[in-house]
Amino acid sequence: MARAENKVTAGPTAQMVANLARKLRVRKGWTQEQLGKQLGFSGAAVSAMETLAQPASDDMLVQLERVLGDGMGIFEDARVPVRLEKFPVQFQDYSLLEQKALTLRLYATFIIHGLFQTEAYARALIGGGYPPFPEQRVEELVEARMARKVLFDRNPVALIEMVLEESVLRRAIGSEEIMRDQMLHLAECARRRNVTLQVLPLDCGLSGEHTGDRGAMTLAETPEHDHLAFLEVQGESLIIADSAKVSTYAQCYAKIRAQALDPRKSLGLIEELAGVKR
């Protein structure tokens, strides 16, 4: 169900898309039902888009470009900023950084990193959070999270490393079926040539130290070869550009990675948890 409050909170790009789509529809002499038929959406969906009760989805923008774009690329160009406007405000700056990054080094301590989540896992996670979101907002956030996955197949390719705590793999989110599919997806990601995935075992601390005891982190290298750190906790986030601080985080990450299982053993554990027989 579309939300009335979206009419007030919709971002400027979503407003531009709604206004332009309406004007181009009227110019063609089409009703909302007729445009919806051309797009493969209902007339109600077109109405919701035009009134900003429900900003255009990524799929709708693709179809708007096909039907109304006239080769100008306006709706295609709107896909990234519209997607960005659906993220929580504190995540928007990092989202732009993530999509352009040459390398990402991720350390996940409580849940599977958003880039590696399946749609079902993300929906269960976001839908079960607090404070609770309306169902439509949950779907918006899930859609935006899934759209981040274009990074895996981007050209030029991004190199992605992730170390995740074994407890993350064993923490059930949603259902056993969702977790099994999530493990299979992780295994599939781990086999990508541009991805290195390692698991930090539960007994890591028995060696006398646990370098990751201060929580999750993300390290990113920009196209200009700047190195940044991103921290997120309890709905707040921070991008760190100070080179000395970023260097300390990088050293910490290197120690965490050294304490983790190697990629082959990590993949074996993930497949074992997924019930894959080798």
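Located above this text is the structure these notes cover.
Residues numbered from 1 in each chain as written. Predicted model: local features only at pLDDT ≥ 70, side-chain atom pairs only at ≥ 80, totals over all residues. Heavy atoms only, no water.

J.: Honestly, the packing of aromatic side chains in this entry has me stumped. Any pointers?
T.: Each pair of aromatic rings is reported with the distance of its centres and the angle of its planes. Throughout the structure, instances matching the rule amount to four aromatic pairs. On the basis of an interplanar angle of 75° and a centroid distance of 6.3 Å, the ring pair of Phe91 and Phe230 is categorised as edge-to-face. Taken together, the residues Phe91 in helix H7 (residues 89-100) and Phe230 in strand S5 (residues 227-233) connect sequence positions 139 residues apart. We note that Phe91, like Phe230, is buried. Aromatic side chains Tyr94 and Phe230 sit 4.1 Å apart centroid to centroid with 15° between the ring planes, which places their arrangement in the stacked category. Of this pair, Tyr94 sits in helix H7 while Phe230 is found in strand S5, placing the two residues 136 residues apart along the sequence. Grouping residues by exposure puts Tyr94 and Phe230 together as buried. In this structure an aromatic cluster arises from ring pairing among Phe91, Tyr94 and Phe230. Above the ring of Trp30, the side-chain terminus of Lys28 is found at 5.3 Å from the ring centroid. Taking NZ or CZ as reference, Arg171 lies 3.9 Å from the ring centre of Phe110, over its face. (Phe/Tyr/Trp six-rings, centres within 6.5 Å; stacked < 30°, edge-to-face > 60°. Helix = DSSP H or I, 4+ residues; strand = E, 2+ residues; numbered from the N terminus. Buried < 20%, exposed > 50% of the residue type's maximum accessible area, 1.4 Å probe, protein only. Lys NZ or Arg CZ within 6 Å of the ring centre and 35° of its normal.)

J.: Looking at this structure, how should I read the pattern of salt bridges?
T.: Pairing between side chains of opposite charge can happen when their charged atoms approach one another. If you walk through the whole model with that rule in mind, you get twelve salt bridges. Between Glu98 and Arg148 there is a salt bridge, with its nearest N and O atoms 2.7 Å apart. Linking Glu98 in helix H7 with Arg148 in the loop between helix H9 (135-147) and strand S2 (159-165), this pair joins segments that are 50 residues apart in sequence. Between Arg257 and Glu161 there is a salt bridge, with the nearest N and O atoms lying 2.7 Å from each other. Of this pair, Arg257 sits in helix H12 (residues 243-259) while Glu161 is found in strand S2, placing the two residues 96 residues apart along the sequence. For Glu161, a relative accessible area of 23% gives the class partly exposed. When salt bridges with common partners are traced through the structure, they connect Asp58, Glu76, Arg79 and Arg83 into a single cluster. (Salt bridge = Lys/Arg side-chain N within 4 Å of Asp/Glu carboxyl O.)

J.: Hey, could you run me through the side chain of Lys149 in this one?
T.: Residue position: Lys149 is located in the loop between H9 and S2. Notably, Lys149 is buried but unbridged: the nearest opposite-charge side chain belongs to Glu119, and the N-O separation is 9.1 Å. Those residues in contact with Lys149 that sit more than four places away from it in its chain are Leu115, Phe116, Gln117 and His185. (Lys, Arg positive; Asp, Glu negative; His and termini not counted. Contact = heavy atoms within 4.5 Å.)

J.: Which parts of the structure should I look at to understand the packing of helix H8 (residues 119-127) against helix H11 (residues 176-190)?
T.: Two elements in contact, H8 and H11, have axes whose closest approach is 8 Å; the angle formed by their N-to-C orientations is 130°. By the criterion of interaxial angle, the relationship of H8 to H11 is oblique. As for how H8 packs across H11, the hand of that crossing is left-handed. Facing H8, whose interface residues are Ala120, Tyr121 and Ala124, H11 presents Ile178, Met179 and Gln182. Taken together, the residues that form the contact of H8 with H11 break down as five nonpolar, one polar and no charged. (Axes fitted to C-alpha atoms, helices over the stretch in contact; angles between N-to-C directions. Parallel < 35°, antiparallel > 145°, perpendicular 65-115°, else oblique. Left-handed = near helix turned anticlockwise from the far one by under 90°. Nonpolar A, V, L, I, M, F, W, Y, C, P; charged D, E, K, R; others polar.)

J.: Hey, could you run me through unusual backbone geometry in this one?
T.: Negative phi is the rule for most residues except glycine; trans is the rule for most peptide bonds. The omega torsion of the bond from Tyr130 to Pro131 falls at -5°, within 30 degrees of zero and hence cis. Residue Pro156 is bonded to the preceding Asn155 through a cis peptide linkage, with omega at 10°. Relative to the elements of secondary structure, Pro156 occurs in the loop between H9 and S2. Even without being a glycine, Leu52 presents a positive backbone phi close to 70°.

J.: Please clarify how the sheet that holds strand S6 (residues 236-240) should be interpreted in this entry.
T.: Strand pairing within a sheet occurs via backbone hydrogen bonds; the two strands may be parallel or antiparallel. Read from one edge to the other, the open sheet built from six strands follows the order S3-S2-S1-S4-S5-S6, with strand pairing classed as mixed. Either end of the sheet is taken by a strand with one partner, and the two such strands are strand S3 (195-200) and S6. Neighbour-to-neighbour, the strand axes of this sheet turn through a mean angle of 10°, independent of strand direction. Here S5 runs beside S6; their pairing, made up of five bridges, is antiparallel. Bridge pairing in S6 links Val233 to Glu236. Its contacts with the sheet put H11 on S2 and S3, and the angle it makes with S3 is roughly 130°. (Pairing = 2+ DSSP bridges.)

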